[in-house]
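Here's the letter readout for the chains.
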Amino acid sequence: CQYCADPFFHLYLLLILPVKADIRNPLRHLLDSFKIYTQEDFLYMENLRCEKAVEKKHNGYNCAQAVACSFCKEASMDEDTLKKITQGFGAGLGTMAGTCGAISGAAVVAGLINQDKAGTSQTVRSVMNQFKQQNGTVICKDLKGVETGKVIRSCDDCVRDAVKFLEDALKSEN
């Protein structure tokens, strides 16, 4: 509002106008000008990258691509190139017998961001340890229950875990 620069304007209006739930209510205008974030808002913002990665997975990306392409900006790489680089890492390196593609995607991003062996190893170790602690294994076929018939973790949740753990590892390094 054009009068907001005057700190007493809204107070003045409160005194002279009846408080109603319509557009003339200055208290409503004042409250609407400030966004109050709830705990749910913060959780949503924190998980936004996770959900965008899952959306990529639902739109044809494999797990490695979904995770890696969620960090294009931080990795200083365009999405198309990063998607091509990680295409062979999906489905446990294509056989389901290897490491979960979501972790492989996180490892590629860690290398691009850290650009040194020690930093990359530290980040990947952190992601792998958290992932294994959360899920009990990092092997794709075990996560999918190929031999047991019991799914430990869905691909969507593996993608969420890898994104979250990578974000946490990168934050703790800075």
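Residues numbered from 1 in each chain as written. Predicted model: local features only at pLDDT ≥ 70, side-chain atom pairs only at ≥ 80, totals over all residues. Heavy atoms only, no water.

1. Section: the packing of aromatic side chains
Then, in step 1: Tallying each qualifying case throughout the model produces 0 aromatic pairs.
Then, in step 2: It is Arg-49 that lies over the ring of Phe-71; its NZ or CZ is 4.2 Å from the centre.
Then, in step 3: Above the plane of the ring of Tyr-61 lies Lys-83, whose end atom (NZ or CZ) is 4.1 Å from the centre. (Phe/Tyr/Trp six-rings, centres within 6.5 Å; stacked < 30°, edge-to-face > 60°. Lys NZ or Arg CZ within 6 Å of the ring centre and 35° of its normal.)

2. Thoughts on helix H8 (residues 101–114)
Then, in step 1: Across its 14 residues, H8 extends 20 Å between first and last C-alpha, which sits within 8% of the 20 Å expected from 1.5 Å per residue.
Then, in step 2: Of all 14 residues in H8, 10 are buried, a share of seventy percent or more.
Then, in step 3: Residues of H8 that are buried include every one of Gly-101, Ala-102, Ile-103, Ser-104, Gly-105, Ala-106, Val-108, Val-109, Ala-110 and Asn-114, and no others.
Then, in step 4: On its buried side, H8 packs onto helix H4 (63–68), helix H6 (79–85), helix H7 (90–93), helix H9 (117–135) and helix H11 (155–173).
Then, in step 5: The positive-phi residue at the C-terminal boundary of H8 is Gln-115, with phi of around 55 degrees. (Helix = DSSP H or I, 4+ residues; strand = E, 2+ residues; numbered from the N terminus. Expected span 1.5 Å × (residues − 1). Buried < 20%, exposed > 50% of the residue type's maximum accessible area, 1.4 Å probe, protein only. Contact = heavy atoms within 4.5 Å.)

3. Structural notes on the environment of Glu-167
Then, in step 1: Mapped onto the elements, Glu-167 comes out in helix H11.
Then, in step 2: Its relative accessible area of 12% is what places Glu-167 among the buried residues.
Then, in step 3: The sequence separation of Glu-167 and Arg-49 amounts to 118 residues, and the corresponding C-alpha distance is 9.3 Å.
Then, in step 4: In terms of polar contacts, Glu-167 uses its side chain to reach the side chain of Arg-49, at 2.7 Å. (Polar contact = N/O pair within 3.5 Å; in protein donor to acceptor, adjacent residues only side chain to side chain.)

4. Here we look at the side chain of Thr-137
Then, in step 1: The topology assignment puts Thr-137 in the loop between H9 and helix H10 (140–144).
Then, in step 2: At 3.2 Å, the side chain of Thr-137 and the backbone nitrogen of Ile-139 are in polar contact.
Then, in step 3: If near-sequence neighbours (up to four positions away) are discounted, Thr-137 is found in contact with Phe-131, Lys-132, Asp-142, Leu-143 and Ile-152.

5. Examining the state of the cysteines
As used in these notes, a disulfide is a covalent bond between sulfur atoms, one from each of two cysteines.
Then, in step 1: Enumeration over the complete set of coordinates arrives at 0 disulfides.
Then, in step 2: Summary of cysteine pairing: Cys-140 is not part of a disulfide, and the nearest cysteine sulfur, belonging to Cys-100, is at 6.1 Å.
Then, in step 3: Cys-140 gets classed as buried once you look at its relative accessible area, which sits at 7%. (Disulfide = S-S within 2.5 Å.)

6. Concerning the nonpolar core
Nonpolar side chains tend to gather and get buried jointly when the protein is soluble and globular.
Then, in step 1: Val-67, Cys-100, Ala-102, Phe-131, Val-159, Val-163 and Leu-166 are the most contacted members of the largest nonpolar core, which totals 30 residues.
Then, in step 2: Of all elements in the fold, only helix H3 (39–58), H4, H8, H9 and H11 reach the threshold of two or more residues within this core.
Then, in step 3: When residues of this core are assigned to their parent elements, the largest contribution, 8 residues, is made by H11. (Core = buried A, V, L, I, M, F, W, Y, C linked by side-chain atoms within 4.5 Å.)

7. Re the environment of Asp-161
Then, in step 1: By the secondary structure assignment, Asp-161 is in helix H11.
Then, in step 2: Among the residues examined, Asp-161 registers a relative accessible area of 8% and is labelled buried.
Then, in step 3: For Asp-161 and Phe-131, which are 30 residues apart along the polypeptide, the C-alpha to C-alpha distance reads 6.7 Å.
Then, in step 4: Once residues lying within four places of it in the same chain are set aside, the contact partners of Asp-161 are Phe-131, Gln-134, Asn-135 and Arg-153.
Then, in step 5: Among the polar contacts listed, one links the side chain of Asp-161 to the side chain of Asn-135, at a separation of 3.1 Å.

8. What about the confidence of the model for the protein chain?
Then, in step 1: In this model, the protein chain carries an average pLDDT of 79, and 73% of its residues clear a pLDDT of 70 or more.
Then, in step 2: Helix H1 (residues 9–16) is the least confidently modelled element of the protein chain, averaging 49 in pLDDT, while H4 averages 94, the highest of any element.
Then, in step 3: Considering only residues more than four positions removed or in separate chains, one finds that residues 11–23, a stretch of pLDDT under 50, has 7 contacts. (pLDDT = per-residue confidence, 0-100.)

9. Details of the pattern of salt bridges
Then, in step 1: What the rule picks out here adds up to 10 salt bridges.
Then, in step 2: Arg-49 is the partner of Glu-167 in a salt bridge, and the nearest nitrogen-oxygen pair spans 2.7 Å. In this pair, Glu-167 sits in helix H11 while Arg-49 sits in helix H3, placing the two residues 118 residues apart along the sequence.
Then, in step 3: Here the salt bridges share partners, and the residues they tie into one network are Glu-51, Arg-153, Asp-157, Arg-160 and Asp-161. (Salt bridge = Lys/Arg side-chain N within 4 Å of Asp/Glu carboxyl O.)

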